[in-house]
Amino acid sequence: MKGKMKVIIIILVLLLVGTGVFLWKMNQISTQLSEQEQERLAEERDLVEEQDGKEIDQINSVDIIPLYLKGADKNVVTTDFKNVKEIYSEKKSSEVEENLTAIKKNKSFSLQEPLWAYNPYGTNRDSMYVYFTTSGNCYCRYTVSVKDEDIPDFTRTAAIETAGGVTKTHEYQIIGLVPGETNYITLHMYNSDDELSAKQTFSVDVPSSKAGAQQKLQTEDGRSKTTISNGLYAVFEKKKAILLYDNSGILRGEIPTIDNFGMNMEQVYDTLLFASGKGQLSQVNALGQVTKTIATSGYTQAGEFCYDGGGNVYVIATANQKGAAPASKIIKVELETGEVSQMLDMDTLLSKVYKKAVKKAKKSTVNWVELNSVQVVGANSLLISSKKLSSIFKVSNVGSLLPKINYIIADKKIYQSYKSLKKKVLTKVSGDEQEEAAPTSESILETAQETEAFASQYGQEALCYQAASEEGQYDLSLLNNNAGTGEKGSKKSYYYQYRVDETAKTYQLTKKLAFDQTKKHGNILEQEESYIYCNSDKKAFSEVDDTGKLMKQFKANAAVYRVTKSDFKGFWFQ
């Protein structure tokens, strides 16, 4: 019996030791993976000070394969477009795809001899298309490097749709090229064990910005110790392009548009959806191909759009009719069919306000409402922002003969002359609103003093809706420009976050941050540990931490309408 007990004890000890060794090993592997991930995140932050030298400095010139876009040595496929309108032709884009497919079928392409095409679909002037196959399964992590010490390397892992994240067939849009520079593209191939199996470097001279965009924005570092978020800023400014800038203010993408117009861009399924012109929406896939362009027939876009998650896009618009009030309509665009229908007409929904504005202006065409933001909050329900009325409307039965204003978020004084509308204004309730950050010379946030519980928003922009856990409640954030009807004399704009209680018919200010004022356009986005603020009036945008300290400020040479930020994981990168 004693002998059996000894055996059992020994076995238990061995199991405990084995388990301990196993857990230690797993912890070690986890730590190594964590360190590797942190290194990759730092590498992808696009900051010179966080990178371990430049890729091009580690490569012998004899190992670089030159790519030529023109001339006798031309070895890159190029495409000619008559104009930007032709770029967004589905037919033209399909022809380009068919041409690339034919080339791929007629020849084998390897890592050392890939098929290269410069911006073949015309949708990103700072990109290259590449196609090749490898003998074994692997993934591609590429680096774009230039011989300028002030321009960081741009390194990303190209997205792969196959299971396991590795493949033998590689087809990517390499973005992040710097316009007006010789770019060195190094393709690093890794196997499923994350071991480097092969690499090859290519050089290409990329043309300067066709839209006249700045290659480098003027930047100013702040005192914040918080690490700036990874990703690219999508800048909608007074250029005929959507511009992508990195954390160092370097231009990494130029998506051409027909007009000086655009307020937002959304990822819809496997495409990016954006306004390619005031009269059309386009969808572009990760390779740059235009998969869909829909004309907003009978209407001109006049603000942002919002995707409802079910194949429909709601767009702020102006009817193409003589005497039509600008930015007073909401239209629905069905992505599948291309059908366009008017869903809401503010001229009739607020007919008394509209008629009074027309009478006061003594003309039929008057910018009386100026819708500038829309959010889908349920079936046939919208939240819409009116800049001119300093009001946010919740409207239901959208698209029916009898749309209904459920309530209004605004200062009640605005509707003093309209008894029926005044009753629909939600009641303010005091709460634990937070005003972030004491002012410093390095912060664009400042403490602002209010004599009342809180002042309603005035001339607001860029609504962001988020459902709350409590039934009947949601959070609504926005840029309170503090401009126009009811503005205060603080010369500040604010980030506002409301908690709206639809059951109690109240709204409460839960967060408030003060910024240098922008009266026209602009937006504020809250991220995990930071805020991104677009100051349109000053042609600038900034990222600040959650205590209000400035991380970085970027200044442009043209009016900036709005700025968003995305790491584009799951689209271009993984």
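The model shown is predicted, which means the values in this text are computed figures rather than measured ones.

A. Fine view of the pattern of salt bridges. Counted according to the given criterion, the structure contains 25 salt bridges. In this structure, Glu50 and Arg45 form a salt bridge, with 3.1 Å as the shortest nitrogen-oxygen distance. Note on Glu50: relative accessible area 30%, which makes it partly exposed. On the accessibility criterion, Arg45 (11% relative accessible area) is buried. Across the pair Asp516 and Lys538 runs a salt bridge, and its minimum N-O distance is 3.6 Å.

B. Highlighting helix 3 (residues 90-106). The first and last C-alpha atoms of helix 3 sit 25 Å apart over 17 residues, in line with the 24 Å expected at 1.5 Å per residue. Listing the buried residues of helix 3 in full gives Lys92, Ser93, Val96, Leu100 and Lys104. Relative to the axis of helix 3, the buried residues are bounded by an arc of 120° and lie together on one face. Every exposed residue of helix 3 that faces more than 90 degrees away from the buried side is listed here: Lys91, Glu98, Lys105 and Asn106. Residues of helix 3 that are buried in the fold lie against helix 2 (84-87), strand 2 (115-118), strand 3 (127-145), strand 5 (167-175) and strand 15 (290-295).

C. Just the side chain of Asp46, in detail. As for its position among the elements, Asp46 is in the loop between helix 1 (2-43) and strand 1 (64-66). Residues within four places of Asp46 in sequence aside, it is in contact with Gln51, Pro152, Asp153, Phe154, Arg156, Gly231, Leu232, Asp246, Asn247 and Ser248.

D. Molecular detail of the confidence of the model for the protein chain. Residues at a pLDDT of 70 or more form 90% of the protein chain, whose mean pLDDT is 91. With pLDDT under 50 throughout, residues 433-451 is counted as low confidence; its partners more than four residues away or in other chains account for 57 contacts.

What counts as what
- Residues numbered from 1 in each chain as written.
- Predicted model: local features only at pLDDT ≥ 70, side-chain atom pairs only at ≥ 80, totals over all residues.
- Heavy atoms only, no water.
- Salt bridge = Lys/Arg side-chain N within 4 Å of Asp/Glu carboxyl O.
- Buried < 20%, exposed > 50% of the residue type's maximum accessible area, 1.4 Å probe, protein only.
- Helix = DSSP H or I, 4+ residues; strand = E, 2+ residues; numbered from the N terminus.
- Expected span 1.5 Å × (residues − 1).
- Arc of directions from axis to C-beta.
- Contact = heavy atoms within 4.5 Å.
- pLDDT = per-residue confidence, 0-100.

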